[in-house]
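Report on the structure
Here are the chains, one letter per residue:
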Amino acid sequence: MRLLLFGPPGVGKGTQATLLKEEYKIPHISTGDILRQAVAEETELGLEAKKYMDKGELVPDEVMIGLVREVFNSPLCEKGFILDGFPRTVAQAEALDRVFSELSIELDAVIDFQVEENEIITRLSKRLTCRSCKSIFNTLVDSLDQNGSCPNCGGELYQRDDDKPDVVKQRLQVYNQSTMPVREYYQKSGKLVTINGSGDIDKVNKQILDAIQELNKQ
Ligand code: AMP
């Protein structure tokens, strides 16, 4: 199964990726997670990426395309993948197509998450992430311990710097300007399935699984 999760920040791509990863036993490739890891390790990539991430801006295409090319040229994605956070520009989408064509890979589906902007802003302001296992929680709906540890692994829960209100505004603006055109790009491919990302996690997951099943019948 080769899936691409598409949509603005805060629509539940990471949460659904965790469920899909279990369902299909394939890796979750999140470019945001890769970059955050590089920032934490203070690698050259991390130091460069941090300048953009802190401001809610996109890391330059050349850097991202090189990174994704490396991931797909490794054995990691041989049995399938859930790609999340890439492509975010039309240039990235075109580059991804080139990589896929070189490796004779075809996407099964592009899952397009739709959530109202007000809900996105509320969700992001209440989002906590685990430093260890990367699980995502929302203080509005998840019952969490006072001590701020992850219910799944006991790791430290924290609010991402770029989930703070000013940066969120910028990230949504960047999405509307640079990433929205990518939706049209995939719409033309016939692989784009739009799902309603509001509401219950399991219901959203069922919509995705049903949509994939429908596409597979075609
Ligand atoms: P995410 O975790 O997907 O919300 O990504 C966090 C941040 O990482 C973004 O706001 C960007 O600064 C950077 N980033 C992640 N993926 C990409 C990408 N495909 N292109 C450019 N920047 C990216």
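Everything numeric here is computed off the predicted structure, so don't read it as measured data.

This part takes up the site of the ligand. Taken together, 16 residues form the shell around the ligand, and within it Thr-31, Arg-36, Glu-57, Gly-85 and Gln-92 come nearest. In this structure, Gly-85 approaches the ligand through a main-chain N or O atom, which is 2.9 Å from a nitrogen atom. Burial of the ligand by the surrounding chains reaches 96%, relative to a free accessible area of 480 Å². With 4 residues, the single largest contributor to the shell around the ligand is helix H2 (residues 31-40). The class makeup of the residues in the shell around the ligand is 6 nonpolar, 4 polar and 6 charged.

We now examine the sheet that holds strand E8 (residues 192-196). Read from one edge to the other, the open sheet built from 5 strands follows the order E2-E3-E1-E4-E8, with strand pairing classed as parallel. If you trace the sheet from one side to the other, it starts and ends with strand E2 (28-30) and E8, each paired once. Shown here is a sheet whose adjacent strand axes are inclined to one another by a mean of 25°, direction ignored. Pairing analysis gives 4 bridges linking strand E1 (residues 2-6) to strand E3 (residues 81-84), with the strands arranged parallel. Counted as the bridge partner of Leu-3 is Ile-82 from E3. Relative to E1, helix H1 (residues 13-24) is tilted by about 165°, and along the sheet it contacts E1, E2, E3 and strand E4 (109-114).

Attention now moves to the nonpolar core. Ranked by internal contacts, the top residues of the largest apolar core, which has 29 residues, are Phe-72, Phe-81, Leu-96 and Tyr-186. Only E1, helix H3 (44-53), helix H4 (61-72), E3, helix H5 (90-102) and helix H7 (165-187) provide two or more residues apiece to this core. Sort the elements by how many residues they give to this core and H4 lands first, with 6 residues. In this structure Leu-96 touches Leu-4, Val-68, Phe-72, Leu-83, Phe-86, Pro-87 and Tyr-186, once residues within four positions along its chain are discounted.

Tallying each qualifying case throughout the model produces 5 aromatic pairs. Taking 4.8 Å as the distance between ring centres and 75° as the angle between the ring planes, the aromatic pair formed by Phe-72 and Phe-81 counts as edge-to-face. Here Phe-72 falls in the buried class, since its relative accessible area comes to 5%. The class for Phe-81 is buried, based on a relative accessible area of 0%. On the numbers, 5.2 Å between centres and 85° between planes, the contact of Phe-72 with Phe-100 is edge-to-face. Of the two residues, Phe-72 is situated in helix H4 and Phe-100 in helix H5; the sequence distance between them amounts to 28 residues. Across this residue pair, the class does not change: Phe-72 and Phe-100 are buried. Through pairs of rings, three or more aromatic residues link up here, namely Phe-72, Phe-81 and Phe-100. Lying over the aromatic face of Tyr-158, Arg-131 brings its terminal NZ or CZ to 4.0 Å of the ring centre.

Conventions adopted
- Counting restarts for each chain: residues are numbered from 1 in the order of the written sequence.
- Where totals are concerned, whole chains, interfaces and linings use all residues; where local detail is concerned, this predicted model gives features only for residues with pLDDT of at least 70, and gives and counts side-chain atom pairs only at 80 or more.
- Hydrogens and water molecules were not included; the side-chain quantities draw on all heavy atoms of the structure.
- Definition of nearness: a residue and a molecule or strand are near each other if at least one heavy atom of the residue lies within 4 Å of the molecule or strand.
- Here a polar contact is recorded for every N or O atom pair within 3.5 Å, except that within protein the pair must consist of a potential hydrogen donor and a potential acceptor, and residues adjacent in sequence are included only if both atoms are side-chain atoms.
- Accessible areas in this description were obtained via Shrake-Rupley with a 1.4 Å probe; residue shielding takes into account the shown protein chains only.
- Each helix is a run of DSSP H or I of at least 4 residues and each strand a run of E of at least 2, with the numbering of both proceeding from the N terminus.
- Any residue that is not Ala, Val, Leu, Ile, Met, Phe, Trp, Tyr, Cys, Pro, Asp, Glu, Lys or Arg is counted as polar, Gly included; the first ten are nonpolar and the last four charged.
- Pairing between two strands is assigned when DSSP locates at least 2 bridges connecting them.
- Axis definition: a line fitted to C-alpha atoms, limited for helices to the stretch in contact. Angles are taken between N-to-C directions and run from 0 to 180 degrees.
- The contact definition used throughout considers only heavy atoms, calling two residues in contact when any of these lie within 4.5 Å.
- Residues enter a nonpolar core if they are buried and are Ala, Val, Leu, Ile, Met, Phe, Trp, Tyr or Cys, with the set joined through side-chain atoms within 4.5 Å.
- Classification of residues uses two cut-offs on accessible area relative to the type maximum, computed with a 1.4 Å probe and protein chains only: under 20% is buried, over 50% is exposed, and between them is partly exposed.
- Stacked, edge-to-face and tilted labels apply to pairs of Phe, Tyr and Trp rings (six-membered ring for Trp) whose centres lie within 6.5 Å, assigned for plane angles under 30 degrees, over 60, and everything in between, in that order.
- Sitting over a ring, as applied to charges here, requires NZ of Lys or CZ of Arg to be within 6 Å of the ring centre and within 35 degrees of the ring normal.

Shape is all these values report; function is a separate question.
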